[in-house]
Amino acid sequence: MIAARKYFIYSRPQAWSVLMMFTISLFLFWNIEILKYGNNFLGSDSFIIVDRILNSGHLKWFEQTYLSQFGIQGIILSLMHSGLFSFDVIDISLQSSLVISLMTAFVFSVPSYKILKFGGIYSAILYWLSLALSPWVLPFSYSLYWVPFTLMLPFAIAFLTGKMMFNGNKLLMLSMISFAMIIKCLCGYEYITTVTLFACGGYVFSLIGTEYKAKISDLVLIFLACVIGFIIAVLIHSLQLNCINSEYGLSTILNRVELHTGTDGGADYAQILISHLSSRPGNEDIIKLLSSAVEDHKLLFIWLSFKEYFYLPALVVFDRPVSFGWFVFIALLVSLSSLTFFLKKYKNYFNKDFYLYSIGCALFISGVFSWQILAWHHMTIHFHLNGQLFAYGIVPISMVSAGILIHRSIGKTIGLSELSTKTPTFIVALCFVYLSLISNFSYKGNIYDNFQSYRQTSSKVIGNIDQAVITPTSSELYRGMGMTTSRILLSGWAVSKGKMPAKLYVLINGGLAGEISPDIERDDVKKVYPEANLKSGFIFTYDVPGSIDKDNIKVLAPNGNGGYSEIKL
């Protein structure tokens, strides 16, 4: 075991420091940004798992309500709800999403030390930004269904243990990769080709900075390890289905595979592509063609769907989206540079580490595109889902590549020893905790919170509700519980007549829903109340289970005497 440790990248304290800093900062940033998605947010398709938890009382421990997957995450959370700890459905769902987000941040942080060491501080920062500013990674990291850390788990294990291929621990490494693949497939089969090729890429990346060379035979073994993990998961799932109903089994799974691999056509879903094409000018002729004769142009339909992903937003920087196309171009350029190894004239143009890096990038691109091509029917329908593949693979390697270019061009970087020893992990962690505490966001609680326990004295506040709108909406949490959802939107202004900042409190059915701290500039209010802060406006949203009306809502403002006065809607 001691001999194996020297082949493990995180056997050094500096590596753990970088890993923890990266993980904590990313997780805290996500927890601040997720507030923009509303209260009680759960990631895409989480309602499937919430439904399993809700119905756990009349299901056997192994049974599933969604037969397309084994659903190990739903089974575990259901046991925690009805058996082990008797957690409330809402509590277990929301708290589990936080744990999943933390684990996702940790798994994505695994390469951070090597990126910093061999790519420089610029690559490390850009890699962090690729995950922090992604409109895909953030919301999916809170999904009970997708559990995104499982998609990257085989990669992370291959990355951490790649050198074990050369020290007699090959079987142990392959077994861990297979086990990680089993976990992924028991959560869901989506993107298994991507997961497999990412694992191969992790092995190649792990050899950067070492004396070892990547072997095709090792890549084949890792590929087979993932296939074996997949087969074992399918057998477990088949056994589960057969126990639920003797008529279920492998054929049930194969029917879903057939649907996802596109053998049934997919032309009926052309309207999804057309809606995307219509958002940009110049596609009028193509839209007309697809609207009238898509069956006669199926290859065109598939190609246009594939290409449409390049227009989807990859990052949002200062409220400006940057499309995937730019990152695909960079990743392809880096990957194609590996071909120079086979040209005698340019064979020595790049060093060994760069060739390993470019081959790893090529495996990542192949992983993303493999699912898009092999499961083309899934690709033509799920524009709102498959973008996460680009976000997990192509965007990060492109940002790291840009960081390497900056590092090499400038020729300077912050020393690893300085970052690791002069800035201890706990200090950086405390800084991010502090930033999260002072961030300008409004408290959003639970409508069952006791307002009297939250009551506090404050300066007198005056204000007005300019608009109060209640609309039906959708929530993964309440959808899984079989409940409709109403979204409350309040907008207006509030001004403090004393030294304390203005705050309003929103009550729904007598329970505290949240507090409002004005953060929007209102020149009109400033003209009437010169002493007011320029940012006196606000917009408050809150999702409520069931149907409500304005009579169920109260907005209270401190009256300066320890009590509260109501602001009429």
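Keep in mind that this is a model prediction, so the values were computed, not measured.

### Considerations on the overall build of the protein chain
When helices and strands are tallied, the protein chain shows 25 helices and eleven strands. Split into buried and exposed, the 569 residues of the protein chain put 52% on the buried side. Relative to all contacts within the protein chain whose residues are 6 or more apart in sequence, the contacts with residues 24 or more apart total 75%. Of the roughly 26,900 Å² of accessible surface on the protein chain, a fraction of 63% belongs to carbon and sulfur atoms.

### Considering the nonpolar core
In terms of nonpolar packing, the biggest core is built from 133 residues, with Phe205, Ile222, Tyr357, Tyr392 and Ile394 touching the most fellow members. When residues no more than four places from it in sequence are discounted, the contact partners of Tyr392 are Phe108, Val137, Phe140, Pro148, Leu151, Met152, Phe198 and Phe364.

### A look at the packing of aromatic side chains
Scanning the model with the defined rule gives 31 aromatic pairs in all. Taking 5.0 Å as the distance between ring centres and 45° as the angle between the ring planes, the aromatic pair formed by Tyr37 and Phe41 counts as tilted. Measuring from centroid to centroid gives 6.2 Å for Phe140 and Trp146, while their planes differ by 80°, and the two rings are edge-to-face. Of the residues examined, Phe140 reaches a relative accessible area of 4% and is grouped as buried. Judged by relative accessible area, Trp146 falls into the buried class, the value being 4%. One residue, Lys114, lies across the ring of Phe159, its end atom 5.7 Å from the ring centre. Here the basic side chain of Arg280 rests over the ring of Tyr311, its NZ or CZ set 3.7 Å away from the ring centre.

### A few points about helix α19 (residues 383–392)
For α19, a buried count of nine out of ten residues is recorded, marking the element as mostly surrounded by other parts of the structure. Within the sequence span of α19, burial applies to Phe383, Leu385, Asn386, Gly387, Gln388, Leu389, Phe390, Ala391 and Tyr392.

### Notes on the sheet that holds strand β5 (residues 485–496)
The strand order β4-β5-β9-β8 describes an open sheet built from four strands, whose pairing is antiparallel. Edge strands, defined here as strands with exactly one partner in the open sheet, are β4 (461–473) and β8 (520–521). Across twelve bridges, the pairing between β4 and β5 is antiparallel. Opposite Thr473, over in β5, you have Thr485 as the bridge partner.

### Some remarks on the confidence of the model for the protein chain
Taken over all residues, the pLDDT of the protein chain has a mean of 84, while the share at 70 or more is 85%. This model gives residues 413–425 a pLDDT under 50, and the stretch forms 21 contacts once residues within four places in sequence are excluded. For the stretch residues 435–454, pLDDT sits under 50, and the model shows 42 contacts to residues farther than four places along the chain or on other chains.

### Concerning the environment of Ile381
On the secondary structure map, Ile381 appears in helix α18 (residues 376–381). Among the residues examined, Ile381 registers a relative accessible area of 15% and is labelled buried. For Ile381 and Ala270, which are 111 residues apart along the polypeptide, the C-alpha to C-alpha distance reads 8.4 Å.

### Looking at unusual backbone geometry
A positive phi is found at Val147, a non-glycine position, where the angle reads about 40°. Take Val147: it is sitting in the loop between α7 (137–140) and α8 (149–161). In this model, Asp319 sits at a positive phi of 65°, which is unusual for a non-glycine residue.

### Some thoughts on the side chain of Glu308
Tracing the backbone through its elements, the reader meets Glu308 in helix α15 (residues 298–308). Residue Glu308 is classed as buried on the basis of its relative accessible area, which comes to 2%. Look past the residues within four positions of Glu308 in its chain and what remains in contact with it is Leu273, His276, Leu277, Arg280 and Phe383.

### Brief notes about the packing of helix α5 (residues 89–109) against α8
Any two packed helices are characterised by how steeply their axes cross, that is the angle between the axes, and by the distance between the axes. Two elements in contact, α5 and α8, have axes whose closest approach is 9 Å; the angle formed by their N-to-C orientations is 30°. As the angle between them shows, α5 and α8 are arranged roughly parallel. You can see that α5 and α8 cross each other, and the crossing is left-handed. Contacts between α5 and α8 pair Ile100, Met103, Thr104, Val107 and Phe108 from the former with Phe149, Met152, Leu153 and Ala156 from the latter. For the contact of α5 with α8, the residue count by class is eight nonpolar, one polar and no charged.

### Remarks on the side chain of Ser78
Looking at where Ser78 falls in the secondary structure, it is placed in helix α4 (residues 72–84). The exposure class assigned to Ser78 is buried, which follows from its relative accessible area of 2%. Here Gly74 takes part through its backbone oxygen, which lies 2.6 Å from a polar atom of the side chain of Ser78.

### Things to note about the environment of Ile216
Along the chain, Ile216 falls in helix α11 (residues 216–244). Note on Ile216: relative accessible area 69%, which makes it exposed.

### Considerations on a nonpolar patch on the surface
Taken together, the side chains of Ile216, Val220, Leu221, Phe223 and Leu224 define a hydrophobic patch exposed on the protein surface, amounting to about 450 Å² of accessible area. Looking at where Phe223 falls in the secondary structure, it is placed in helix α11.

### Structural notes on the packing of helix α17 (residues 352–374) against helix α20 (residues 394–410)
Packing of α17 against α20 leaves a shortest axis separation of 9 Å and a crossing angle of 155°. With respect to α20, the axis of α17 lies roughly antiparallel. The handedness of the crossing between α17 and α20 comes out as left-handed. Residues Tyr357, Cys361, Phe364, Ile365, Val368 and Phe369 of α17 form the contact with α20, whose participating residues are Ile394, Ile397, Val400, Ser401 and Ile404. Here the residues of the contact of α17 with α20 are counted per class, giving ten nonpolar, one polar and no charged.

### Notes on the pairing of strand β1 (residues 313–317)
Strand direction decides the pairing type here: β1 and strand β2 (residues 320–323), joined by four bridges, are antiparallel. Along β2, the bridge assignment pairs Pro313 with Ser323. What sits between β1 and β2 in their antiparallel hairpin is a turn of two residues, with Phe318 showing a positive phi close to 50°.

### Things to note about α17
For α17, which comprises 23 residues, the first-to-last C-alpha distance of 32 Å matches the rise-based estimate of 33 Å (1.5 Å per residue) to within 8%. Between the side-chain oxygen at the start of α17 and the backbone nitrogen of Asp353 there is a gap of 3.3 Å, and the oxygen is on Asn351.

What counts and what doesn't
- Residues numbered from 1 in each chain as written.
- Predicted model: local features only at pLDDT ≥ 70, side-chain atom pairs only at ≥ 80, totals over all residues.
- Heavy atoms only, no water.
- Helix = DSSP H or I, 4+ residues; strand = E, 2+ residues; numbered from the N terminus.
- Buried < 20%, exposed > 50% of the residue type's maximum accessible area, 1.4 Å probe, protein only.
- Contact = heavy atoms within 4.5 Å.
- Areas by Shrake-Rupley, 256 points an atom, 1.4 Å probe, with all protein chains shown as cover.
- Core = buried A, V, L, I, M, F, W, Y, C linked by side-chain atoms within 4.5 Å.
- Phe/Tyr/Trp six-rings, centres within 6.5 Å; stacked < 30°, edge-to-face > 60°.
- Lys NZ or Arg CZ within 6 Å of the ring centre and 35° of its normal.
- Pairing = 2+ DSSP bridges.
- pLDDT = per-residue confidence, 0-100.
- Axes fitted to C-alpha atoms, helices over the stretch in contact; angles between N-to-C directions.
- Parallel < 35°, antiparallel > 145°, perpendicular 65-115°, else oblique.
- Left-handed = near helix turned anticlockwise from the far one by under 90°.
- Nonpolar A, V, L, I, M, F, W, Y, C, P; charged D, E, K, R; others polar.
- Polar contact = N/O pair within 3.5 Å; in protein donor to acceptor, adjacent residues only side chain to side chain.
- Patch = residues over 30% accessible without salt bridge, like charges linked within 9 Å, V, L, I, M, F, W, Y side chains within 5 Å.
- Salt bridge = Lys/Arg side-chain N within 4 Å of Asp/Glu carboxyl O.
- Expected span 1.5 Å × (residues − 1).

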